[in-house]
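Examination of the molecular architecture
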Amino acid sequence: MRIGIVLSNTPGYSETFFRSKIKGLQENGVEVFLFCQSKNDDFTLCPVVVSPKVSKKPLLQLWFFIKEFVLLFPYLSTVMRFVKLERAEETLWVQIIKKVYLNAHLLKAKVDWLHFGFATMALGSETVAKAIGAKMAVSFRGFDMVVYPVKYPGCYTKLWKYVDKVHTISDYLLGLAKKNGLPDSIPTSKITPAVEMEIFAHKTSNFKVSNDLVFITTARLHWIKGLVSTLEALAILKEKGFVFTYKILGEGKAYERIAFAAYQLGLKDEVQFLGKLSHEEVKKTLEDADIYLQYSKQEGFCNAVLEAQAMGKPCIVSNAGGLTENVLHEQTGWVVAKNSPKALANQIEKVLYMTDEEKEHISTNASERVRKEFDIEKQLLAFLDFYKDKNA
């Protein structure tokens, strides 16, 4: 079996979802190809096909255009099928020519499945899989269903006509997809993120109260991650006399906004922005944490919360999206209503004053659940079944 995965870029070292999937498929005899807009030089897991270049210089773009169409000549029958499908969709000729160029790398593919790692990446390429004689799959992430359709209503209408099977990381995102027009007739499969338990192993925690507390969040710096609300909750704790450090792991365009919020709330000395870290550095930072916080406004699922639970860290999360599937309230962690910093502060304080035995019980439950339900091997078997499904 040959599977083509479409991403914007080759997965980085810390992006375990795609890297583990690729390695697992290969170990089971599946040929995997990545189709990306750009490639990191250090990525060597599988062959990578880069999409045609786009230049703002007219003459250079013309050269790229001519070169790509010459290279497409041996695939003329495939291109003609693609054009026919697009004409049936009443796509204008100017747009068709543009689509042929932008999808040239995909139109040359010889694969059994063409799997778009994000639903938004399939937009503009909806008919490609049928043109090359492959089945088409798409995966849902938070941005695909939470943000993009709000800005562009009906954006997936064409996609639903051509997709053969859908992969979702949570029931929450699948529900949103249904609201955005996904027909019940299209097969779906829920395959959650997974954790390499040998890396994120549970250790007996040394819980402490009031002195040298460490809170941590791993997230891109974006409003949707609720970091300002988290800071507002921590400001309440500071007023009550708690001494702590709050470490934020991740990068993003909202850095200045979040850093200014920390300054305004009197938390400049308590908040540390650690930027983007390697997987090993994330693990080391988590080891020193007392409580993991993920107070997002929306969340598809969140792999970082799984990793924190696997390590036995008490996790307090919002009730946004897939987080309620990730953490079971008062069983494997605590779920707090989003957009209520006071409620978050109260929950953090309650957890801090629990006995070590009570917190260890919750942490052990969380780690065991991650080991049983979110194991890498289990995820791999689910993907093998996903592609082997004859009914898709």
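This text gives an overview of the structure that appears in the document. Quick caveat, the model's predicted, so the values are computed rather than measured.

Rules used throughout
Residues numbered from 1 in each chain as written. Predicted model: local features only at pLDDT ≥ 70, side-chain atom pairs only at ≥ 80, totals over all residues. Heavy atoms only, no water. Pairing = 2+ DSSP bridges. Helix = DSSP H or I, 4+ residues; strand = E, 2+ residues; numbered from the N terminus. Axes fitted to C-alpha atoms, helices over the stretch in contact; angles between N-to-C directions. Contact = heavy atoms within 4.5 Å. Salt bridge = Lys/Arg side-chain N within 4 Å of Asp/Glu carboxyl O. Buried < 20%, exposed > 50% of the residue type's maximum accessible area, 1.4 Å probe, protein only. Core = buried A, V, L, I, M, F, W, Y, C linked by side-chain atoms within 4.5 Å.

With respect to the sheet that holds strand 1 (residues 2-6)
Strand order in the open sheet formed by 7 strands is 3-2-1-4-5-6-7, and the pairing between neighbours is parallel. The open sheet terminates on both sides in strands that have one partner only, identified here as strand 3 (48-50) and strand 7 (188-190). The mean angle between the axes of side-by-side strands here comes to 20 degrees, regardless of whether they run parallel or antiparallel. Judged from the 5 bridges that link them, strand 1 and strand 2 (residues 31-36) form a sheet pairing that is parallel. Looking at the pairing, Arg 2 lines up with Glu 31 of strand 2. Sheet strands in contact with helix 1 (residues 16-27) are strand 1, strand 2, strand 4 (113-116) and strand 6 (165-168), and its direction is about 150 degrees off that of strand 2. Running over the sheet, helix 17 (residues 376-388) touches strand 1, strand 4, strand 5 (135-140), strand 6 and strand 7 and is turned about 165 degrees from strand 6.

Details of the sheet that holds strand 10 (residues 271-275)
An order of 10-9-8-11-12-13 is seen for the 6 strands of this open sheet, with the pairing classed as parallel. Only two strands of the sheet have a single neighbouring strand rather than two, namely strand 10 and strand 13 (334-336). Strand after strand, the sheet turns through a mean of 25 degrees between neighbouring axes, direction not considered. Relative to strand 11 (residues 291-294), strand 8 (residues 213-218) is paired through 2 bridges, and the arrangement is parallel.

A look at the pattern of salt bridges
Overall, the coordinates contain 13 salt bridges when judged by the stated rule. The closest approach of N and O atoms between Lys 238 and Glu 270, which form a salt bridge, is 3.1 Å. In this pair, Lys 238 is assigned in helix 10 (residues 227-239) and Glu 270 in the loop between helix 11 (255-264) and strand 10, connecting sequence segments 32 residues apart. A relative accessible area of 32% places Lys 238 in the partly exposed class.

Details of the nonpolar core
Here is a general trend for soluble globular proteins: nonpolar side chains tend to be buried in one another's company. In terms of nonpolar packing, the biggest core is built from 92 residues, with Leu 114 and Phe 140 touching the most fellow members. Setting aside residues no more than four positions away along its own chain, Leu 114 makes contact with Gly 4, Val 6, Phe 35, Leu 106, Val 128, Ala 129, Ile 132, Ala 134, Lys 135, Met 136 and Ala 137. Residues Ala 261, Ile 291, Ala 345 and Ile 348 belong to the second largest nonpolar core, which totals 32 residues.

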